[in-house]
Amino acid sequence: EHQYNTILVERVGRVGIITLNRPKALNALCGELTTEMLDQLVKFDADINIGAVIITGGSKVFAAGADIKEFEGKGMVDLMNKDSLNWTLGFKNIRKPIIAVVNGYALGGGCELAMMCDMIYAGESAVFGQPEIKLGIIPGAGGTQRLVKAVGKSKAMEICLTGTVNMKAQEALQFGLVSSVHPVEKVMQAALKTATIIASQSQPVISLIKASINNSFEVPLQAGLDYERKAIQMAFGTKDKIEGVKAFIEKRKPLFSHL
Ligand code: CO8
């Protein structure tokens, strides 16, 4: 694997794992980290031996947000000229499913990064919050948009406007922000199990499902249904559809070729 300064990279079967690795700064998302993370995501996305990705911060903390030290001395025009959030556009283009495994703080940009992923598995220690308001800024990487869609308006307002109301794992589960909650020492294993199941399915079909679900956030229902209809027509064009249906009829497990 490529050696990075701020992330660790490993593979378990067809699952690629990216671990944010700036423990002294609680995995604050500095420019180098977001660049390295996106670089590796693009590599996994292009790798035919990878079918799903996990992003985690390890067992202590997910990420305490953007690197606040990089904000010092920066003004509006600096942000306009060199947009430090451009990596989020690249993130959006990843076709393979990404699971966030969150233990401890997922604050500010950390919460936003988790929400950019396709699903979130939480350890019991997970804490989600948007404390940007306390710095005199706003959640700028999706916090005012994705959080509303995940937990509803009233909670999202409360979290973003106070900066101090956080969501712990169980509450995040209750509100639908995360898929499931596990003991800290078991959450990675649980996410890996799910990622392995996903990665064993047909890769092109997985991409169609991810794109179709994400499209539902962008368009009115009928446009989403039209998109989905085209997507199932495309799925019928894959070799994996032929194999999947044949395997069912022959009462055996399908062997997908990802074609
Ligand atoms: N950035 C940089 N360094 C950080 C950050 C951060 N976000 N969070 C923690 N650190 C550092 C601390 O400075 C400290 O370093 P040092 O030991 O050198 O002083 C080390 O990590 C440990 O932190 P603490 O001692 O504070 O640990 P505690 O356990 O006492 O507290 C907290 C943990 C509550 C998480 C606390 O660290 C905290 O409040 N952190 C900041 C959280 C925050 O405000 N996050 C939002 C940041 S803004 C943002 O994410 C905007 C997203 C949109 C991006 C727009 C880009 C242009």
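Right above here is the structure, for reference.
We now turn to the structure provided with this report. Since this is a predicted model, take the numbers as computed values, not measurements.

1. Details of the sheet that holds strand S6 (residues 119-123)
Move 1: Read across the open sheet, the six strands follow the order S1-S2-S3-S4-S6-S9; overall the sheet is mixed. Lying at the two open borders of the sheet, with one neighbouring strand each, are strand S1 (7-12) and strand S9 (180-182). For this sheet, the mean angle separating the axes of adjacent strands, direction not counted, is 20 degrees.
Move 2: As paired strands, strand S2 (residues 15-20) and strand S3 (residues 52-56) are joined by five bridges and run parallel to one another. When the sheet's bridge partners are listed, Gly16 is paired in S3 with Val53.

2. Quick word on unusual backbone geometry
Move 1: Phi at Leu26 is positive, roughly 50 degrees, even though this residue is not glycine.
Move 2: Mapped onto the secondary structure, Leu26 falls in the loop between S2 and helix H1 (31-46).
Move 3: With a phi angle near 60 degrees, Asn27 is a residue other than glycine that sits in the positive phi range.
Move 4: Locating Asn27 in the fold gives a position in the loop between S2 and H1.
Move 5: A relative accessible area of 2% places Asn27 in the buried class.

Analysis parameters
Residues numbered from 1 in each chain as written. Predicted model: local features only at pLDDT ≥ 70, side-chain atom pairs only at ≥ 80, totals over all residues. Heavy atoms only, no water. Pairing = 2+ DSSP bridges. Helix = DSSP H or I, 4+ residues; strand = E, 2+ residues; numbered from the N terminus. Axes fitted to C-alpha atoms, helices over the stretch in contact; angles between N-to-C directions. Buried < 20%, exposed > 50% of the residue type's maximum accessible area, 1.4 Å probe, protein only.

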